[in-house]
Amino acid sequence: MTTIHLRPELPGDAPAIEAVTVAAFEHAQHSSHTEQFIVRALRERGQLAVSLVAMERRTEVDGDLDGEVQGIEQIAGHVAISPVTVDPAPAGGWYGLGPISVLPSCQGKSIGAQLMRQALAQLRALPGTVGCVLLGEPAYYTRFGFRAEPALVLPGVPPEYFMALAFTGPVPAGTVQYSDAFEAKA
Ligand SMILES: CC(C)(COP(=O)(O)OP(=O)(O)OC[C@H]1O[C@@H](n2cnc3c(N)ncnc32)[C@H](O)[C@@H]1OP(=O)(O)O)[C@@H](O)C(=O)NCCC(=O)NCCS
């Protein structure tokens, strides 16, 4: 039997999170293949406002061991959320979701959706937070309420791939900048 549960990143998770991130993005379109360095740089800067892992636990009854239940646990997915700046500055804090990664062998089983929903719930609960942006495939992220908002711009990317979700109030007009951790190359 396989079960999934989500929990915040713990000390010691970093190497497994990097491995999941590398594997998830290895064949991804529109990838810089630096996502693992971005997560690491966000962690080093103390900018992981939300860092959740999805733990996959497989249990099987071992016939050779008198029916003893064997359990194997691994990190199967991860999502990061970090603060962004908006110019001009709106009232309230805006954040960027991503990178989000699910091991290729575990994709298509709603682990990504669970990570999205729980990460957004955790973000919403942070004091002063009013919204979240992300860069990704509209076909996937619109199901979580994200929409392209022409007035909120991330320079240099096709506008239809840059989406926002306001928790309270309207989506502001302005130019978004992610942490410089997103420039990390090693
Ligand atoms: C994107 C990702 C996190 C989704 O995780 P997942 O556990 O496979 O997603 P779920 O099981 O919740 O949802 C599966 C659905 O998402 C769709 N989907 C997954 N990746 C998609 C993409 N890049 N574009 C459009 N749709 C996508 C699947 O087609 C499937 O659609 P359906 O529900 O209509 O059948 C995962 O596929 C992944 O790690 N991809 C590689 C890394 C990446 O591209 N990350 C996002 C950019 S930051």
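Residues numbered from 1 in each chain as written. Predicted model: local features only at pLDDT ≥ 70, side-chain atom pairs only at ≥ 80, totals over all residues. Heavy atoms only, no water.

1. Structural notes on the overall build of the protein chain
Thinking step 1. In terms of regular secondary structure, the protein chain is built from four helices and nine strands.
Thinking step 2. With the principal axes as the frame, the protein chain shows a C-alpha extent of 65 × 35 × 30 Å.
Thinking step 3. Within the protein chain, counting contacts between residues at least 6 apart in sequence, those at least 24 apart form 64% of the total.
Thinking step 4. Total accessible area on the protein chain stands at roughly 9700 Å², and carbon and sulfur atoms take up 55% of it. (Helix = DSSP H or I, 4+ residues; strand = E, 2+ residues; numbered from the N terminus. Contact = heavy atoms within 4.5 Å. Areas by Shrake-Rupley, 256 points an atom, 1.4 Å probe, with all protein chains shown as cover.)

2. Describing the packing of helix H1 (residues 14–25) against helix H2 (residues 35–44)
Thinking step 1. Taken N-terminus to C-terminus, the directions of H1 and H2 make an angle of 150°; their axes are 8 Å apart at the nearest point. By the angle class used here, H1 and H2 are roughly antiparallel. Where H1 approaches H2, its residues Ala14, Ile17, Glu18, Thr21, Val22 and Phe25 are matched on the opposing element by Glu35, Gln36, Val39, Arg40 and Arg43.
Thinking step 2. Grouping the amino acids of the contact of H1 with H2 by side-chain chemistry returns five nonpolar, two polar and four charged. (Axes fitted to C-alpha atoms, helices over the stretch in contact; angles between N-to-C directions. Parallel < 35°, antiparallel > 145°, perpendicular 65-115°, else oblique. Nonpolar A, V, L, I, M, F, W, Y, C, P; charged D, E, K, R; others polar.)

3. Here's the deal with the side chain of Ser179
Thinking step 1. If you trace the backbone, Ser179 turns up in the segment after strand S9 (174–177).
Thinking step 2. Exposure remark for Ser179: the relative accessible area of 8% places this residue in the buried category.
Thinking step 3. In terms of polar contacts, Ser179 uses its side chain to reach the backbone amide nitrogen of Ala181, at 2.9 Å.
Thinking step 4. If sequence neighbours within four positions are ignored, Ser179 has contacts with Leu42, Arg45, Gln47 and Pro83. (Buried < 20%, exposed > 50% of the residue type's maximum accessible area, 1.4 Å probe, protein only. Polar contact = N/O pair within 3.5 Å; in protein donor to acceptor, adjacent residues only side chain to side chain.)

4. Brief notes about the environment of Pro150
Thinking step 1. Following the sequence through the fold, Pro150 ends up in the loop between strand S6 (147–148) and strand S7 (152–153).
Thinking step 2. Classification of Pro150 by relative accessible area gives exposed; the value is 76%.
Thinking step 3. Put simply, Pro150 and Ala113 are 37 residues apart on the chain and 25 Å apart in space, counted from C-alpha to C-alpha.

5. Overview of the layout of surface pockets
Thinking step 1. Estimates place the volume of the largest pocket at around 1400 Å³.
Thinking step 2. Phe25, Ile100, Leu135, Gly136 and Tyr141 are the residues nearest the centre of the largest pocket, which is lined by 46 residues in total.
Thinking step 3. Those elements that place two or more of their residues in the lining of the largest pocket are H1, H2, strand S4 (93–102), helix H3 (111–124), strand S5 (129–135) and helix H4 (138–141).
Thinking step 4. By residue number, the principal contributor to the lining of the largest pocket is S4, which donates six residues.
Thinking step 5. Each residue belonging to the lining of the largest pocket can be placed in one class, and the counts come to 25 nonpolar, 15 polar and six charged. (1 Å grid on protein atoms, 1.4 Å probe; cavity = no way out; pocket = protein on both sides within 12 Å on 5 of 7 lines; lining within 4 Å. Points joined across faces, edges and corners; volume = space filled by probe spheres on them.)

6. Thoughts on the site of the ligand
Thinking step 1. Around the ligand, the structure places 16 residues, and the nearest of them are Val102, Gly108, Ser110, Gly112 and Ala113.
Thinking step 2. Compared with its free state, where it exposes 880 Å², the ligand has 65% of that area covered by protein.
Thinking step 3. Comparing atom positions with the cavity grids shows the ligand to sit within the largest pocket.
Thinking step 4. Classifying every residue of the shell around the ligand by side-chain character gives eight nonpolar, five polar and three charged. (Near = heavy atom within 4 Å. Sits in = over half its atoms within 2 Å of the grid points.)

7. As for unusual backbone geometry
Thinking step 1. Put simply, Asp87 and Pro88 share a cis peptide bond, and its omega is 0°.
Thinking step 2. Mapping Pro88 onto the fold places it in the loop between strand S3 (68–87) and S4.
Thinking step 3. Looking along the chain, the bond that leaves Gly98 and enters Pro99 is cis, with omega of -5°.
Thinking step 4. Looking at the secondary structure, you find Pro99 in strand S4.
Thinking step 5. Even without glycine at this site, His30 takes up a positive phi of about 55°.
Thinking step 6. Since its relative accessible area comes to 68%, His30 is described here as exposed.
Thinking step 7. Positive phi, close to 75°, is recorded for Ser110, a residue that is not glycine.
Thinking step 8. Among the secondary structure elements, Ser110 is positioned in the loop between S4 and H3.

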